[in-house]
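Residues per chain are reported as follows:
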Amino acid sequence: MDDRNFRNAMGKFATGVTVLTTYLEDEVHGMTANAFMSVSLNPRLVLISIGEKARMLDKINESGKFAVNILSEAQKELSMHFAGQIKENRQIQFGWINELPVIKNALANIVCKVHSKQIAGDHTLFIGEVTELVISEGAPLAFYEGKYGKILS
Ligand code: FAD
Ligand code: NAD
């Protein structure tokens, strides 16, 4: 098994796409992520996984809070932007919930404070306790076999 095999296998698991956002020292930082899951209802916990090379790692370690913004199918370009796949500089207008930046018009903005974390290989798993939620209607952006797609209904 090589890394490509591993990624090809993981890519068979179709996911939605999120942009994680946080705020530290007067700066907003965003990063595209599909490693996200709901963990617990009581208390309300979710999980994200951040690679050791991602700038987001230090930001969340220091801020102790983050938002998970679940993207709609109309937000593919935002996903590419926050994954560094579009090189041009862009000004993004963020919304705000409880002093945390969020992506406007996302299907859900899930605002969290860090509950606990676990280093796992070359990633850090953050468990977030959900403090605020905003939900909108729309169809999700999907990610499958390393490509963006749509969910047919
Ligand atoms: P950077 O690479 O510096 O930032 C990412 C991009 O966002 C840059 O283009 C930057 O200009 C822009 N940006 C950041 N903040 C702002 C702002 N305030 N205003 C405007 N633009 C801004 N990696 C993981 O660790 N975990 C995952 O679960 C994960 N899932 C992914 C899923 C998909 C579908 C894709 C495509 C990538 C995924 N990645 C994941 C990879 C990750 O998105 C990239 O490695 C990303 O570039 C790492 O971001 P960074 O924090 O290092 O910051
Ligand atoms: P890809 O074929 O690399 O991704 C397919 C699947 O492999 C992903 O959905 C994810 O489950 C897994 N994966 C990919 N890179 C990983 C990593 N470094 N650690 C753990 N799991 C990983 O798709 P792509 O279009 O080539 O991805 C674009 C870029 O985004 C690549 O650089 C990729 O490494 C990165 N990415 C990272 C993660 C992550 O760190 N969890 C997830 C998705 C994509």
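Residues numbered from 1 in each chain as written. Chains lettered and ligands numbered in written order. Predicted model: local features only at pLDDT ≥ 70, side-chain atom pairs only at ≥ 80, totals over all residues. Heavy atoms only, no water.

A.B. asks: Help me out: how do you make sense of the UniProt feature "domain: Flavin reductase like" (unreviewed entry) in the protein in this one?
C.D. replies: Sequence positions flagged by UniProt for "domain: Flavin reductase like" (unreviewed entry) are, in local numbering, residues 10–150. End C-alpha to end C-alpha, residues 10–150 measures 18 Å, and it is 12% helix and 52% strand. (UniProt positions renumbered as here; feature names shortened; annotations may be inferred. Helix = DSSP H or I, 4+ residues; strand = E, 2+ residues; numbered from the N terminus.)

A.B. asks: Before we go on, may I ask you to explain the site of ligand 1 in this structure?
C.D. replies: Taken together, 25 residues surround ligand 1, and among them Thr32, Gly51, Arg55, Met56 and His81 come closest. Within the contact set of ligand 1, an oxygen atom lies 3.0 Å away from a backbone nitrogen or oxygen of Ala35. Within the backbone of Ser49, an N or O atom sits 2.9 Å from a nitrogen atom of ligand 1. About the coverage of ligand 1: the protein hides 75% of its 980 Å² of free accessible area. Those elements that provide at least two residues to the shell around ligand 1 are β3 (27–33), β5 (45–51), α2 (55–63) and α3 (76–82). At six residues, β3 tops the list of elements feeding residues into the shell around ligand 1. In terms of residue class, the shell around ligand 1 is built from 13 nonpolar, ten polar and two charged. (Near = heavy atom within 4 Å. Polar contact = N/O pair within 3.5 Å; in protein donor to acceptor, adjacent residues only side chain to side chain. Areas by Shrake-Rupley, 256 points an atom, 1.4 Å probe, with all protein chains shown as cover. Nonpolar A, V, L, I, M, F, W, Y, C, P; charged D, E, K, R; others polar.)

A.B. asks: Help me out: how do you make sense of the layout of surface pockets in this one?
C.D. replies: Size it by volume and the largest pocket reaches roughly 1,400 Å³. Taken together, 31 residues make up the lining of the largest pocket; nearest its centre are Arg7, Asn34, Ala35, His123 and Phe143. Residue assignment for the lining of the largest pocket shows that the elements contributing at least two residues are α1 (3–10), β3, β5 and β11 (141–144). At six residues, the largest contribution of residues to the lining of the largest pocket is made by α1. Classifying every residue of the lining of the largest pocket gives 13 nonpolar, eleven polar and seven charged. Around the second largest pocket sit 18 residues that line it, and Val28, Arg55, His81, Phe82 and Arg90 are the ones nearest its centre. The set of elements that each furnish at least two residues to the lining of the second largest pocket consists of β3, α2 and α3. For the lining of the second largest pocket, the element with the highest residue contribution is β3, accounting for four residues. Residues that form the lining of the second largest pocket fall into these classes: five nonpolar, seven polar and six charged. (1 Å grid on protein atoms, 1.4 Å probe; cavity = no way out; pocket = protein on both sides within 12 Å on 5 of 7 lines; lining within 4 Å. Points joined across faces, edges and corners; volume = space filled by probe spheres on them.)

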